[in-house]
Amino acid sequence: MPTFPANVELGQLLFLAHARCNHFLKAQQVAIKLSKEFPNEKIFGTWYVVSMAMRGAFDQNATMMKMASKVLQKNVHASVVEFLEYMKKEYGAHAFTLTMPSSSSSTSTATSGGGGGGDASSSSSSLSSSKKKKKKQSANKSSAASKTVETTKEDNQKKLQFSELIRFYIWTLEQQGEWTQIVEEVLLNDEPYGTILEPIPYDRKQLLAEYGLKVDKYVPLSNALYGYLLSQFDADEWTWWTGFFDSLFQLFDLLASKKLNSAPATVSFQGSNLKVVSSVETAKQFIAELQGKNSKKRGPFLAMLELNRRLIKQQDNDGDSESMQVYKRELEQMLYDYFVQFGVKNICFEDVKPFLSNLSKDASLQLLDKCKQWIDDSSNGAVGEDRCVL
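Residues numbered from 1 in each chain as written. Predicted model: local features only at pLDDT ≥ 70, side-chain atom pairs only at ≥ 80, totals over all residues. Heavy atoms only, no water.

Chemist: Can you walk me through the confidence of the model for the protein chain in this structure?
Modeler: Caution is warranted with low-pLDDT regions, since their predicted coordinates should not be read in detail. In the predicted model, the protein chain carries a mean pLDDT of 80, and the fraction of residues at 70 or more is 80%. When the elements of the protein chain are averaged for pLDDT, helix α5 (residues 103-113) gives the smallest value, 34, and helix α9 (residues 219-232) the largest, 97. When the criterion is pLDDT under 50, residues 98-151 qualifies, and its contacts beyond four places in sequence or with other chains add up to 23 contacts. In this model residues 384-390 is a low-confidence stretch, pLDDT under 50, and it forms 10 contacts with partners more than four residues away in sequence or in other chains. (pLDDT = per-residue confidence, 0-100. Helix = DSSP H or I, 4+ residues; strand = E, 2+ residues; numbered from the N terminus. Contact = heavy atoms within 4.5 Å.)

Chemist: Quick question: what am I supposed to make of the packing of helix α11 (residues 280-293) against helix α12 (residues 299-318) here?
Modeler: The geometry of α11 relative to α12 is characterised by a closest axis approach of 8 Å and an angle of 160° between their N-to-C directions. It follows from the interaxial angle that α11 and α12 lie roughly antiparallel. Crossing geometry of α11 relative to α12 is assigned as left-handed. Where α11 approaches α12, its residues Val 280, Ala 283, Lys 284, Ile 287, Ala 288, Leu 290 and Gln 291 are matched on the opposing element by Pro 300, Phe 301, Ala 303, Met 304, Leu 307, Asn 308 and Leu 311. For the contact of α11 with α12, a count of residues per class yields 11 nonpolar, 2 polar and 1 charged. (Axes fitted to C-alpha atoms, helices over the stretch in contact; angles between N-to-C directions. Parallel < 35°, antiparallel > 145°, perpendicular 65-115°, else oblique. Left-handed = near helix turned anticlockwise from the far one by under 90°. Nonpolar A, V, L, I, M, F, W, Y, C, P; charged D, E, K, R; others polar.)

Chemist: What am I meant to see in a nonpolar patch on the surface here?
Modeler: A surface patch of nonpolar side chains, about 270 Å² in accessible area, is lined by Leu 10, Leu 13 and Leu 16. With respect to the helices, strands and loops of the structure, Leu 10 is situated in helix α1 (residues 8-20). Of the residues examined, Leu 10 reaches a relative accessible area of 48% and is grouped as partly exposed. (Patch = residues over 30% accessible without salt bridge, like charges linked within 9 Å, V, L, I, M, F, W, Y side chains within 5 Å. Areas by Shrake-Rupley, 256 points an atom, 1.4 Å probe, with all protein chains shown as cover. Salt bridge = Lys/Arg side-chain N within 4 Å of Asp/Glu carboxyl O. Buried < 20%, exposed > 50% of the residue type's maximum accessible area, 1.4 Å probe, protein only.)

Structure below.
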């Protein structure tokens, strides 16, 4: 009868082999044996719970998934709280803004910890001794700097590992449809989980905006967060634009159905008041503002097209043909303007393709004629060289 490998690396490889083949029961059994054989390696306990969760998802076993989620919650919470206490004790106020120390700061720290020099002397032996002492101090400084850098790297690595573990916990809750628990327990508050999800500044905000859309009362917060991400980080990130419009039109529905009496002007998050965009007019102003700040990026200009496309669909569903025709005429002009600005890019047609179906055949032909005329004018030098389509 084959025995369990005594080598920890072989045991890990065996676990991973079962996991890759979706043999989660066998992987779970290996994780149990690894925990018993190597009790000092806490990660194997986590592997056991992960295997249980994957079994629940793969076999569509809701009871097992719920059990795994509860065990994971207990393990993650205890580990994260312990890590938070260590980080605060070690780094104080800078616990979650760790940076690699520069050479100047490391040198300054090492110098302040060193002793003073000896008596001044003009003899060659004293000079030699002084040089040796300086070399030794320099070596000590380098050693201290290396140690500081290594410690910071290790702690940042731990933070990333905990971040991934929390994300897996979020996934188990997602499988159960526990959207409110994801928002309120994991993402909304700084501790114990929130700050650990921010190795990249926008990670936690992006997750909170995404899951907030699943809970009616947090839709305004999602809207404000998506607006913040677009204005502060990247106006070209299309997934954020999609989330922004999802939150905007969800707000329209919530207000229309009286599930929300009124949309707040701002929401508070991490000590800042973030603006909520809750009307078509303010949405257009927000997009126009980002267009002015990011004239070289396609995202804000595509966003205006997307807003009109969604408004056309909404008016069509409501049976408001008059408003729909107004939005269609606006869309036609926007498509032409987009072609004038970004027609030199190979991606231009793929950009506008999703919006063309909202135009009538006559409007499409009219748009095509206008684009052809603009190309002819640009070829004859009637427009600026930077706008010329070759």
